[in-house]
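Fold and contact review
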There are 2 protein chains.
Amino acid sequence: MSTITAFRTHDVRFPTSTLLDGSDAMNPDPDYSAAYLRIVTDDDGPDGHGFVFTIGRGNDVQVAAVRLLEGMLVGREVESVLGDLGETWRRLVHDSQLRWLGPEKGVMHMAIGAVVTALWDLRAKRAGLPLWLLLSSLSPEELVDLVDFRYLTDALTPQDALDILRTALPGREERTATLLREGYPAYTTTPGWLGYDDAKLERLAAEAAAEGFRQIKLKVGSDLADDRRRLAIARRAVGDGVAIAVDANQRWGVDEAVEWVRALEDPTLAWVEEPTSPDDVLGHARIAREVAPIPVASGEHMGGRVMAKQFLQADAVQVLQIDATRVAGVNENIAMLLLAARFGVRVCPHAGGVGLCEAVQHLSMFDVVAVSGTLEGRMIEYVDHLHEHFAEPVVVRGGRYLAPSGPGAGTEMLAPSIAAYEVGTPR
Amino acid sequence: MSTITAFRTHDVRFPTSTLLDGSDAMNPDPDYSAAYLRIVTDDDGPDGHGFVFTIGRGNDVQVAAVRLLEGMLVGREVESVLGDLGETWRRLVHDSQLRWLGPEKGVMHMAIGAVVTALWDLRAKRAGLPLWLLLSSLSPEELVDLVDFRYLTDALTPQDALDILRTALPGREERTATLLREGYPAYTTTPGWLGYDDAKLERLAAEAAAEGFRQIKLKVGSDLADDRRRLAIARRAVGDGVAIAVDANQRWGVDEAVEWVRALEDPTLAWVEEPTSPDDVLGHARIAREVAPIPVASGEHMGGRVMAKQFLQADAVQVLQIDATRVAGVNENIAMLLLAARFGVRVCPHAGGVGLCEAVQHLSMFDVVAVSGTLEGRMIEYVDHLHEHFAEPVVVRGGRYLAPSGPGAGTEMLAPSIAAYEVGTPR
């Protein structure tokens, strides 16, 4: 019998702003960072690793929020915590005092996400499985127990969830084999950062197409003429066989979004992403109606399952972009996958940043095996940097994520990388 | 010419959980707390005081988030900051790295609120005016400049706001005089905490009616039979001339809320407050339709102006309960007052806690003078405790808040109180 003994935390920041990687209309100078957590036990087994992705300033506060949860887990028996991660999630999220700081959104909620993901990493490593295979091995009943249905039942009941999961039971093995053999489609944002000049955009777009990506994404929203020119350059570079999505990163008001997208005059756009405030369900719904048939995508700043529920109820997004560290971890993302399946909406995760690709691929692969049961229209964002800092870096070949095989949730950063990029004092 | 020299912060916690004051269906044991900020300048004038109200755990993280903003103001000229608080608000809220932590919600957003309010406190004190009179002295153009219309213009344009404010220009002086003479209506939650037994409920309800309150509020949502019994007790105690509202503090799912409110079998309820997740616009809209004519109220956990916009667009609340420290301070609450006026919805602020009554009364009094121009159906929540810790404690007589006359935003806590209830090390 082993117990959880400590949280080790690190404020890790990569100076990405110096290269304009990750620059968009709202985030001109991100320093990709991780509020990093390692959950330590008193046995000789593995630790559990998790993190919140941030873009620099405030990463220390995010770390402090993670630390706040240490007292709720230290001293508890590992097996009992890991054996009921549904109950653990509820205890963390519904702490009566901490929930005041959200509730269920922002710094405190993301901190819970790091803890929950670290616990899943620990559980997967103890099981010797990559997270996606561990999740895919759970029964529909076990999966339903992981989800908190509070506030969801007007859209998704436990019975609805069971029905979805049972429907996907046949074929789990076959789809697992397909993923192991063929991987999962990726699209790339590498060419499209706003800070890149036209020549770099053209070169990277052509490279992406040559590498086998079937979709790329461009950042838009700063200047309409620039956007039109850059779209034309990208289209020329990739040819007609590759889709192009655009991402405004919340730059516009509702009316402005509709006007801008129409002014791009490209009905073939794969989607328009984050056209306005990520909290604006009704605004997205109106934009979606008015720019149809271009789909609207959002999710990387979607506070949690209650917002996801509404975006789906209102047909405000046609593409749900879950994020591995925006919400309260694996459990809440399972809820969001179930909601998406219930509404028949495809999930194309947000990734990039640091560690987001490594983490979120497990959720998408689990989704295709055990939830939605399909790859139709689905792909995971990919950006080609900072992977070398992880113990299990993603491998993307021919425009597809190869299925990860190492044990864990993909969230373990290499110790030398932590040491090299840590700011302040480790605890 | 003076400059801002430092943030002084304090983690202040009152052990209210020991008395079950403030207990409700979701918050059984709050310790009313303040993440407290004093903005210091290099002149001999007053400091600016602000805070975020929390209910205990996490108050230290909230303080850390406030501290994060120090660098954006220290060294800046006081007059230029205070002279353009609209621009200051936008700089704080749209910081490209910090906004990742919300955006515009949760710990980081509330931290900005404390800073913005402290700046308003400083400005009001330098002007020798209570905040409500300072705000009421600004022109419609000056007020519009304080508001960030990003994400709002599909519901409220700057021109709409100007029209509202100009319509309220005639009568400003008369309404100011009325407030100074008669005060502003209050309702009280003092009798209705879930932790109080029936005898205490009955006694306090009768006292509230005798003191002149025209409305009381009961916490509900833990047990239907208890709720029905307590409602009957309260009704008997206060008589027919006093309204009774109920507050579920987010306890229910959407369907459950409808069923529970119907099962209370009291169509005279003044409102049902926070029936479900505070993020659930569509859920509230459905509840409101199904429990009509009982109004639905929410706001104390409403993340900000984008959520307020949607709650109003969807007719999801008939009573908007702004909160002095949930959003990014005075400016954002002005935006929410304007939105409410635009949709013809009354504002009845959330208060209680510690310092919330002192702070929010300024916003309501400003609203009646310069925005909505009316007291119709409006009242401010009142709970009778912890006022003695403030430099300008609220005075409620005959069920009405007397208009505050001391300079400032009401947010200054007494130094001995801070010292007595501070946790950790002051900075």
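What you see is a predicted model; the values in this text were computed from it and never measured.

The next subject is the overall build of chain A. Assigned secondary structure in chain A consists of 16 helices and 14 strands. Whereas a compact globule of 427 residues would reach a radius of gyration of roughly 22 Å, chain A reaches 20 Å, a difference of no more than 12%. Along the first, second and third principal axes, the C-alpha set of chain A runs to 65 × 50 × 45 Å. Counting the 427 residues in chain A, one finds 66% classified as buried. A separation of at least 24 residues holds for 76% of the contacts in chain A among residues at least 6 apart in sequence. Only carbon and sulfur atoms are counted for the fraction: they give 50% of the accessible area of chain A, which is about 13200 Å². Side chains of chain A give 41 positive and 61 negative charges; the mean places of these two sets differ by 2 Å.

Residues and elements named next belong to chain B. Taken as a whole and judged by the stated rule, the model has 18 aromatic pairs over all chains. Note on Tyr36 and Phe51: the rings are 6.5 Å apart at their centroids and 10° apart in plane angle, and the pair reads as stacked. Of the two residues, Tyr36 sits in strand β2 (residues 33-41) while Phe51 sits in strand β3 (residues 48-54), which places them 15 residues apart along the sequence. Between Phe51 and Phe390, the ring centres sit 6.1 Å apart and the planes meet at 50°, which makes this aromatic pair tilted. One end of the pair, Phe51, is in strand β3; the other, Phe390, is in the loop between β11 (380-382) and β12 (396-397), with 339 residues separating them in the sequence. Considered together, Phe51 and Phe390 belong to a single accessibility category, that of buried residues.

Put simply, the second copy of the chain is the first one after a rotation about an axis and a shift along it. When chain B is brought onto chain A, the operation consists of a screw motion whose angular component is 180° and whose axial shift is 0.0 Å, with 0.0 Å RMSD remaining. Look at the turn and shift together and you get a two-fold axis relating the two. In terms of C-alpha distance to the rotation axis, chain B has Gly106 of chain B as its closest residue, with the C-alpha 2.3 Å off the axis. Mapped onto chain A, 100% of the interface residues of chain B again fall at the interface, so both copies present the same surface.

All names here are of chain A. In spatial order, the strands read β3-β2-β1-β14; together these four strands make up an open sheet with antiparallel pairing. Lying at the two open borders of the sheet, with one neighbouring strand each, are β3 (48-54) and β14 (422-423). In the sheet, strand β1 (residues 4-13) pairs with strand β2 (residues 33-41) via nine bridges, with the strands oriented antiparallel. By the bridge assignment for β2, Arg13 is matched with Ser33. Contacting β1, β2 and β3, helix α4 (residues 106-127) runs over the sheet at an angle of about 150° to β3.

Scanning the entire structure with this criterion turns up 60 salt bridges over all chains. With a closest N to O distance of 2.8 Å, Asp154 of chain B and Lys309 of chain B form a salt bridge. Separated by 155 residues along the polypeptide, Asp154 of chain B in the loop between α6 (140-146) and α7 (158-167) and Lys309 of chain B in helix α13 (residues 305-313) bring together distant segments of the chain. Residue classification places Asp154 of chain B among the partly exposed residues on the basis of a relative accessible area of 21%. Accessibility expressed as a relative area gives 0% for Lys309 of chain B, which makes it buried. Each of Lys217, Lys219, Asp247, Glu273 and Glu381 of chain A takes part in one network of salt bridges that share partners.

Okay, the domain arrangement of chain A next. Residues and elements named next belong to chain A. By domain assignment, chain A separates into domain 1 (4-128) and domain 2 (165-416). For domain 1 versus domain 2, the distance between C-alpha centres works out to 23 Å. With 39 residues of domain 1 at the contact, the number on the domain 2 side is 38 residues. Carbon and sulfur atoms supply 64% of the area that domain 1 and domain 2 bury against each other, a total of about 3100 Å² over both sides. On the domain 1 side of the interface with domain 2, the three residues burying the most area are Phe14, Ala25 and Phe51, jointly 19% of the side's total. Applying the counting rule to domain 1 against domain 2 returns two salt bridges. Here Glu412 ties to Lys125 by a salt bridge, and the two come within 2.6 Å at their closest N and O atoms.

Our next topic: helix α1 (residues 59-67) of chain B. Burial analysis of α1 of chain B places seven of its nine residues in the buried class, which makes it a mostly covered element. Burial in α1 of chain B covers these residues: Asn59, Val61, Gln62, Val63, Ala65, Val66 and Arg67 of chain B.

All names here are of chain B. Helix α15 (residues 356-371) packs onto helix α8 (residues 172-182) with a crossing angle of 150° between their chain directions and a minimal axis gap of 8 Å. One finds that α8 runs roughly antiparallel with respect to α15. Mapping the contact onto sequence places Arg172, Arg175, Thr176 and Leu179 in α8 and Met365, Val368, Val369 and Ala370 in α15. When the residues that make up the contact of α8 with α15 are grouped by side-chain class, the tally is five nonpolar, one polar and two charged.

This next bit is on the interface of chain B and chain A. Between chain B and chain A, the residue contacts involve 60 residues of the former and 60 residues of the latter. Around 5200 Å² of area is buried between chain B and chain A when both sides are counted, 56% of it from carbon and sulfur atoms. Looking at the side of chain B facing chain A, the largest losses of area belong to Arg57, Gln97 and Trp100 of chain B, adding up to 18% of the total buried there. Note that Arg57 of chain A is salt-bridged to Asp95 of chain B, the shortest N-O span being 3.0 Å. Counting across the interface, chain B meets chain A through 28 residue pairs in polar contact (both at pLDDT 80 or more). Within the residue set of the side of chain B that touches chain A, elements represented by two or more residues are β3, α1, α4 (106-127), α11 (254-264), α12 (281-291) and α13 of chain B.

Cut-offs and rules
All residue numbers here refer to positions counted from 1 along the written sequence of the relevant chain. Chains carry letters from A onward and ligands carry numbers from 1 onward, assigned in written order. In keeping with the model being predicted, local features are shown solely for residues with a pLDDT of at least 70 and side-chain atom pairs are shown and tallied solely at 80 or more, while totals for entire chains, interfaces and linings include all residues. Calculation of side-chain values draws on the structure's entire complement of heavy atoms; hydrogens and water are dropped beforehand. Working definition: helices are DSSP H or I runs of at least four residues, strands are E runs of at least two. Numbering for both runs from the N terminus. All radius of gyration figures rest on C-alpha atoms, and the globule criterion is 2.2 Å times the number of residues raised to 0.38. Any residue under 20% of the maximum accessible area for its type is buried, any over 50% is exposed, and the rest in between are partly exposed; the area is computed with a 1.4 Å probe on protein chains only. Contact criterion: two residues are considered in contact whenever any of their non-hydrogen atoms come within 4.5 Å of each other. Areas reported as accessible are Shrake-Rupley estimates using a 1.4 Å probe. Residue values count occlusion only from the protein chains shown. Charge assignment in this entry is limited to Lys and Arg as positive and Asp and Glu as negative, and neither His nor the chain termini are counted. Note on charges: their place is set at NZ of Lys, CZ of Arg, CG of Asp or CD of Glu. Side-chain rings of Phe, Tyr and Trp (the six-membered ring for Trp) are treated as a pair once their centres are within 6.5 Å; stacked means planes under 30 degrees apart, edge-to-face means over 60, and tilted covers the remaining angles. When the copies are superposed, the least-squares fit draws on C-alpha atoms of residues that have pLDDT of at least 70 in both. Only strands that DSSP links by at least two bridges are regarded as paired with each other. Here an axis means a line fitted to C-alpha atoms, over the contact stretch when the element is a helix, while the angle between two N-to-C directions is reported on a 0 to 180 degree scale. Only one rule defines a salt bridge in this text: a Lys or Arg side-chain nitrogen within 4 Å of an Asp or Glu carboxyl oxygen. Start and end positions for the domains come from either an automated domain assignment or a database one. The quantity reported as buried area is the accessible area (1.4 Å probe) lost by two parts once they are put together, taken as the sum for both. Angles below 35 degrees are treated as roughly parallel, those above 145 as roughly antiparallel, those between 65 and 115 as roughly perpendicular, and all remaining angles as oblique. Three residue categories are used. Nonpolar comprises Ala, Val, Leu, Ile, Met, Phe, Trp, Tyr, Cys and Pro, charged comprises Asp, Glu, Lys and Arg, and polar comprises the others, including Gly. Here a polar contact means two N or O atoms within 3.5 Å. Within protein one must be a hydrogen donor candidate and the other an acceptor candidate, and residues neighboring in sequence count only if both atoms are side-chain atoms.

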